[in-house]
Amino acid sequence: MPRNPSTGVYSKPAGTTPSVGQVIDPVPWNALTTDLGNEITNSLPRDGSAPMVAPLKAASGTVSAPGLGFASTPQTGLYLKGGGLLGFTQNGVDVAFDKASVYAAKSGDYTALASDDNAVHRFTAAATLTLTAAATLGANWHYAVIADGGDVMIDPTGSETIDGAAKMVVPNGYSAFIICSGSTFFTNKTLARLVAKADNSAVGSFVDGLLLSNNTGSPNTHVDFAAGSARSGSSFVSSETSFTKRVTGTFASGTSAGGLDAGSVAANATYFAYALRKDSDLSFDVVLSTSATIGGVTTTLLTGYTIVKCIGVALTDSSSLIRQFVMYPRDEYTFVTPVRDAVGIAISPTSSLLALTVPNGAKSKAKLRFQYTAAATTASALISDPAQGVLTAGIGNDGGNAGAIQVASNYAIGSGDIWTNTSRQVRHVGGATGSLWVWTDGFYFPCGRIA
């Protein structure tokens, strides 16, 4: 066929250029008319009445003069970009179209690749998402991550950052949209705003869950913390599962590890439990300290952690073992075995202080039962909060809470929840000289639980 298939140029057969008076040779002229008929058949009708039967090969074109355009708007159409990529132009301006979104579920650690551009990955367990170098992924690379089963830590390569930080955590139940600039990573800030809202100091201070208990396997040395959350001002931390710390070692990260801020476990000591938030990934941990205030906690071993809030307390006995206890909602503790803090001690009309087995260094409300005896036939005893000052027992004075003895040398009993001072003490006074027994069933140590 005379049309060149590569260039599309038609060359008519030889012998078909006649001169005046020349006798026409039918062979080449028949070939010419046959070729013309074939080429007309192979031409695309302008009215669109017939389709192409082979690929349409357009010119490469440019953004201002596309290879496939429109008669009325020649600068709108398709052109061939560099690297064999298809370009779209509208009035001479390039129009970008995104790749198709690809969804996949991930159950563990994963490294995001260039081929994951515009992917949506749902992580069904706690995982680390490593980002390939920004220069490799290139500008405009973007990716969505959904944490649906555990926290997902986003970890850029080397010294690269995401939103200016070395790492970022997507908490379970949240999502993040990541964009690469070609040299760094940033997000659409939605997650940051949600986290900032969660850390808003106006929300208040509380403890939800995180009830303490003796560990089943090692009740004398290990304390368990139920799942829950704690907030103090702008600091918030949560734990989705139970957590354990032991008093037989100094602090180390993680459950079942040592919990003391310093030193070794002591006898008859009070260990305040403080919820920690790890700065790098916002994870939960606990430190145990004899300090009743955050300011007194030794922080040598707590680099990279924020102390959020005191969430409870554990007491040791004379053998440096954790006293067996049961903790109830609203910060109430009951000893498995009541502690006899007074056994026949002297009581008289002169008010005295009595130390109890309750937290030291902070006020608590002791759950007490008491028994009083005196030779007087109508005397009573009064156990009271030291903050009330010195009181006088008796119906004509400040009353009593151990009843009144009707028979000489018999016993009067009573009970009450009495606030202590910061030295674990309550006051006691009798209407007459006698003897006093006090049992401590437990205490209330308020940390902010309302349920």
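No experiment lies behind these values; they were computed from the predicted model shown.

What counts as what
- Residues numbered from 1 in each chain as written.
- Predicted model: local features only at pLDDT ≥ 70, side-chain atom pairs only at ≥ 80, totals over all residues.
- Heavy atoms only, no water.
- Buried < 20%, exposed > 50% of the residue type's maximum accessible area, 1.4 Å probe, protein only.
- Helix = DSSP H or I, 4+ residues; strand = E, 2+ residues; numbered from the N terminus.
- Pairing = 2+ DSSP bridges.
- Patch = residues over 30% accessible without salt bridge, like charges linked within 9 Å, V, L, I, M, F, W, Y side chains within 5 Å.
- Areas by Shrake-Rupley, 256 points an atom, 1.4 Å probe, with all protein chains shown as cover.
- Salt bridge = Lys/Arg side-chain N within 4 Å of Asp/Glu carboxyl O.
- Phe/Tyr/Trp six-rings, centres within 6.5 Å; stacked < 30°, edge-to-face > 60°.
- Core = buried A, V, L, I, M, F, W, Y, C linked by side-chain atoms within 4.5 Å.
- Contact = heavy atoms within 4.5 Å.
- Axes fitted to C-alpha atoms, helices over the stretch in contact; angles between N-to-C directions.
- Expected span 1.5 Å × (residues − 1).
- Arc of directions from axis to C-beta.
- Polar contact = N/O pair within 3.5 Å; in protein donor to acceptor, adjacent residues only side chain to side chain.

Caption draft 1: Spatial organisation of the pairing of strand 29 (residues 425-430). In terms of burial, strand 29 is largely enclosed, as five of its six residues are buried. With four bridges connecting them, strand 25 (residues 352-355) and strand 29 associate as antiparallel partners. The partner of Leu-354 across the bridge, within strand 29, is Val-426. Pairing between strand 27 (residues 381-384) and strand 29: four bridges, direction antiparallel. Within strand 29, the residue paired with Ser-384 across the bridge is Arg-427.

Caption draft 2: Focus on a nonpolar patch on the surface. A grouping of Leu-44, Met-52 and Leu-56 is seen on the molecular surface, where their side chains present a nonpolar patch of about 300 Å² in accessible area. As for its placement among the helices and strands, Met-52 is situated in the loop between helix 1 (26-42) and strand 1 (77-80). For Met-52, a relative accessible area of 40% translates into the label partly exposed.

Caption draft 3: Focus on the packing of aromatic side chains. As enumerated under the stated definition, the model contains nine aromatic pairs in all. Note on Phe-325 and Tyr-333: the rings are 5.9 Å apart at their centroids and 45° apart in plane angle, and the pair reads as tilted. Here Tyr-333 falls in the buried class, since its relative accessible area comes to 1%. Here a set of aromatic residues connected by ring pairs shows up, and it is made of Phe-325, Tyr-333, Phe-335 and Phe-443.

Caption draft 4: Geometry of the nonpolar core. Formed by 63 residues in total, the largest nonpolar core has its most connected members in Phe-225, Ile-311, Tyr-372 and Phe-445. Top element by residues in this core is strand 22 (residues 305-315). It accounts for eight residues. For Phe-445, the contacting residues outside a window of four places in its chain are Phe-272, Cys-310, Gly-312, Val-313, Asp-331, Tyr-333, Pro-359, Ala-362, Lys-363 and Ser-364. Formed by 22 residues, the second largest nonpolar core is a distinct cluster that contains Ala-119, Ala-127, Ile-154 and Ile-162.

Caption draft 5: Fine view of the sheet that holds strand 11 (residues 175-180). Read across the open sheet, the five strands follow the order 4-6-8-11-12; overall the sheet is mixed. In the strand order of this sheet, the two ends are held by strand 4 (102-106) and strand 12 (185-187), each with one partner. Averaged over neighbouring strand pairs, the angle between their axes works out to 25° when direction is ignored.

Caption draft 6: Representation of the sheet that holds strand 29. One open sheet holds the three strands; their spatial order is 25-29-27, and the pairing between them is antiparallel. Only two strands of the sheet have a single neighbouring strand rather than two, namely strand 25 and strand 27. This sheet shows a mean twist of 30° between the axes of neighbouring strands, independent of strand direction.

Caption draft 7: View of helix 1. If you check helix 1, its first and last C-alpha atoms are 24 Å apart, about what 17 residues at 1.5 Å a residue would give, namely 24 Å. Along helix 1, the residues classified as buried are Pro-28, Leu-32, Asp-35 and Glu-39. The arc that holds the buried residues of helix 1, viewed along the axis, is 65°, so those residues lie on one side. For helix 1, the exposed residues lying more than 90 degrees away from the buried face are Val-27, Ile-40 and Thr-41. Its side-chain oxygen placed 3.2 Å from the backbone nitrogen of Val-27, Asp-25 serves as the N-cap of helix 1.

Caption draft 8: The arrangement of unusual backbone geometry in detail. Of note in the backbone geometry, Ser-256 takes a positive phi value of approximately 70° without being a glycine. Residue classification places Ser-256 among the partly exposed residues on the basis of a relative accessible area of 40%. With a phi angle near 65°, Ser-320 is a residue other than glycine that sits in the positive phi range. Residue placement: Ser-320 occurs in the loop between strand 22 and strand 23 (325-328).

Caption draft 9: Structural view of the side chain of Thr-440. For Thr-440, the location among the structural elements is in strand 30 (residues 434-444). Within the structure, Thr-440 has its side chain in polar contact with the side chain of Asp-341 (distance 2.5 Å).

Caption draft 10: View of the pattern of salt bridges. Under the criterion given, the structure shown has seven salt bridges. For Asp-285, the salt bridge is made with Lys-245, and the minimal N-O distance between the two is 3.0 Å. Residue Asp-285 is located in strand 21 (residues 284-289), and its partner Lys-245 is located in strand 18 (residues 243-250); the two are separated by 40 residues in the primary sequence. The partner of Asp-441 in a salt bridge is Arg-369, with the nearest N and O atoms 2.7 Å apart.

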